[in-house]
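The chain contents come next:
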Protein chains: 2
Amino acid sequence: MYAARRARLRERCEAAGSEAALVSGDANVRYLAGGAPTGAALLVGPAEDSLLCRGDPVAERSADRPAEGLRIVVLPAPDGDPAVAGAERAAAAGARSLAVEEHHLTVSRHRALRSVAPRLRLDDLGTAVEQQRVVKDNEEISALRIAAEIADQALGELLESILVGRTERHLALELERRLVDHGAAGPAFTTSVGTGPNSGLAGHVPTDRRVEEGDFLCVCLGADYRGYRSEVARTFVIGTTPADWQIELYDQVFAAQRAGREKLAPGTPYRDVDRAARVVLEAAGHGERLGPRIGHGVGLENDEDPRLTPSAMGKLDACVPVTVDPGVHLPGRGGVRIDDTLVVRPEADGGPELLTITTKELLAL
Amino acid sequence: MYAARRARLRERCEAAGSEAALVSGDANVRYLAGGAPTGAALLVGPAEDSLLCRGDPVAERSADRPAEGLRIVVLPAPDGDPAVAGAERAAAAGARSLAVEEHHLTVSRHRALRSVAPRLRLDDLGTAVEQQRVVKDNEEISALRIAAEIADQALGELLESILVGRTERHLALELERRLVDHGAAGPAFTTSVGTGPNSGLAGHVPTDRRVEEGDFLCVCLGADYRGYRSEVARTFVIGTTPADWQIELYDQVFAAQRAGREKLAPGTPYRDVDRAARVVLEAAGHGERLGPRIGHGVGLENDEDPRLTPSAMGKLDACVPVTVDPGVHLPGRGGVRIDDTLVVRPEADGGPELLTITTKELLAL
């Protein structure tokens, strides 16, 4: 499987006129090599493919072991740069051109590559590997499915516990502990818990604010299962029946999120998904409170292509997992976020597959 | 204080012939601007200093608010690049040269800077800000002192609990929860817990292995307090009295760590600290099992300058916080790590100040 992915990349490079590719983005290396330690670099071609790393990856836990059929090169100098070693290796193998990831390599590292291999022409690989990662295979999708189940379980257990009086920080840590309890390698990203005036803020960093009666409680979490990262967000009301403004705002965000989900189909332009959700909230007068986008791809990274934004170019394909996560925050009052991870499927297969199944009713806890 | 730091950087730039500086490394921006959202960029000069960010930093929690006396520029396009906006702004302000952090900027971003400001000469700021951060002021050191106390408290509580049968993952999460209980913003880095054969591995990622009688238990953690990150590692034996090989290995690593600590004084070359610890373990036959370095600076980043390695150039100064963290891992058996955070002080002031006060006796838990 990994060899097939590298073969595709190799073809793409040859078509673009580069004899070899040097991959240095961590998620890209992992996608093409199987597990690899952080900071490793992968040289694809010109002859055999090699994984260059500082430490011995086989000593790492098995989940992180590189796939078979790769030459593992452990750098002699532990503080050496795997990308630089990769460029030396490509030059030594007789390559005249090497495509590198200019959006991952810093200017300083790129200069170091030039200096060790001055006769090697450095091309830009661009986001070739990120593009290859957009459509997932069945193994990737089942990892995401399990990750989503784990997050649903952790969230479900939290809802059964006492919430009033606990701080955002503690609820977030509790959720992360439960993710691990249920088999996650860890959280997919920093768990966000926002209460009262903090609810509805995208990426809110949990504070010491305690949950109070009548608060909106906004939770955004995800599990990392075998490197694949799900994402789910839900908003609840604490204690009594929700206030009218809370019900109204919740219904607006829910309608927007549903409109976005219903757009998920092969061939739909990314921007149409964003638009479908955005118009609902603009009509409700929240236009200027919306974030830059309504959703994004998930996989080996929590936030990867495609980006569902007003200006995004491109169309959805089948087997692309994305989030649909609109939210509105009213300064001083709080707000609502609703976020699912779904897989784009053709109508014939029943349409989008919902991976995050926690209810989206407005629950009063 | 922040203004004074920026003034020093401005002088250094002018001396190097650059009319303005664009800082894009997150920790560097935070050091010069006070709090700032991730991904912000700081333009120092040519006229007023500006913090460029995607979202409104004042909306963030107070700890992350930028200092007074800075112009805050929130990008109109939420997906814009603050560094690119900074270059535009420098050019608009009439600067002809701008020093940028080539070790933080990717090749793609650097190209984007050139294209928006083609007549602006881009110089390399290098690690000027990192160098400025090496010697800490009293406020920074007291933040580190509190961070170290928090980690000691979390560790002390863990030692009083039942350990046998619990997994590395759960012990790590428990420690991180306790860090937050005691006032940390969060862990300074991913808490490492290694048991039995996993003990003594640097940066070991916690697994589902459960603590057993007779294991070495290795814990490495740190607290993030107001952005400053302490680090401490201790090794314990579980249950009965330690085996002879465990006592012998522990004494060797302890002797090496003490030898390193005793070298900490203003004027000592970095490499001499590394050497002092390394020779002890080489004499014990562990030379080839040692990592690339024996310690490193701590501050706004867990791992910053100075690096205490065999090849490091430079000498220690007073008020530089560093770790001394040798470790040895015997494949299949496990190993020992002992790690303190200390502040370099002159002999007259009593020598190095130990911030991590948890005992370094070999405890059987």
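Residues numbered from 1 in each chain as written. Chains lettered and ligands numbered in written order. Predicted model: local features only at pLDDT ≥ 70, side-chain atom pairs only at ≥ 80, totals over all residues. Heavy atoms only, no water.

Per an unreviewed UniProt entry, the recorded name for chain A is Aminopeptidase P family protein, and the organism is Streptomyces blastmyceticus.

1. Quick notes on the UniProt feature "domain: Peptidase M24" (unreviewed entry) in chain A
The UniProt entry lists residues 143-345 of chain A under the feature "domain: Peptidase M24" (unreviewed entry), expressed in the numbering used here. With 32% helix and 23% strand, residues 143-345 of chain A has its two end C-alpha atoms placed 17 Å apart. (UniProt positions renumbered as here; feature names shortened; annotations may be inferred. Helix = DSSP H or I, 4+ residues; strand = E, 2+ residues; numbered from the N terminus.)

2. Overview of the pattern of salt bridges
Once the charged atoms of two side chains with opposite charge are near each other, the side chains can pair. A complete count under the given rule lists 66 salt bridges over all chains for this structure. Here B:R345 ties to B:E353 by a salt bridge, and the two come within 2.8 Å at their closest N and O atoms. (Salt bridge = Lys/Arg side-chain N within 4 Å of Asp/Glu carboxyl O.)

3. What about the packing of helix 3 (residues 82-92) of chain B against helix 4 (residues 107-116) of chain B?
Residue and element names in this part refer to chain B. Put simply, helix 3 and helix 4 touch, their axes get as near as 9 Å, and they point 30 degrees apart. Comparing the axis directions of helix 3 and helix 4 gives the class roughly parallel. Classified by chirality, the crossing of helix 4 by helix 3 is right-handed. Within the contact between the two elements, helix 3 uses A83, V84, A87 and E88 and helix 4 uses R109, A112, L113 and V116. Here the residues of the contact of helix 3 with helix 4 sort into six nonpolar, no polar and two charged. (Axes fitted to C-alpha atoms, helices over the stretch in contact; angles between N-to-C directions. Parallel < 35°, antiparallel > 145°, perpendicular 65-115°, else oblique. Left-handed = near helix turned anticlockwise from the far one by under 90°. Contact = heavy atoms within 4.5 Å. Nonpolar A, V, L, I, M, F, W, Y, C, P; charged D, E, K, R; others polar.)

4. Focus on the interface of chain B and chain A
Contact with chain B, which involves 25 residues of that partner, is made by 25 residues of chain A. Taken together, the two surfaces of chain B and chain A that pack against each other cover about 2,100 Å², and 60% of this comes from carbon and sulfur. Where chain B meets chain A, there are two salt bridges. A salt bridge links B:R111 to A:E102; its shortest N-O distance comes to 2.0 Å. Where the side of chain B that touches chain A is concerned, the elements lending two or more residues are helix 4 and helix 7 (168-181) of chain B. Looking at which element gives the most residues to the side of chain B that touches chain A, the answer is helix 7 of chain B, with seven residues. (Buried area = accessible area lost by both parts, 1.4 Å probe.)

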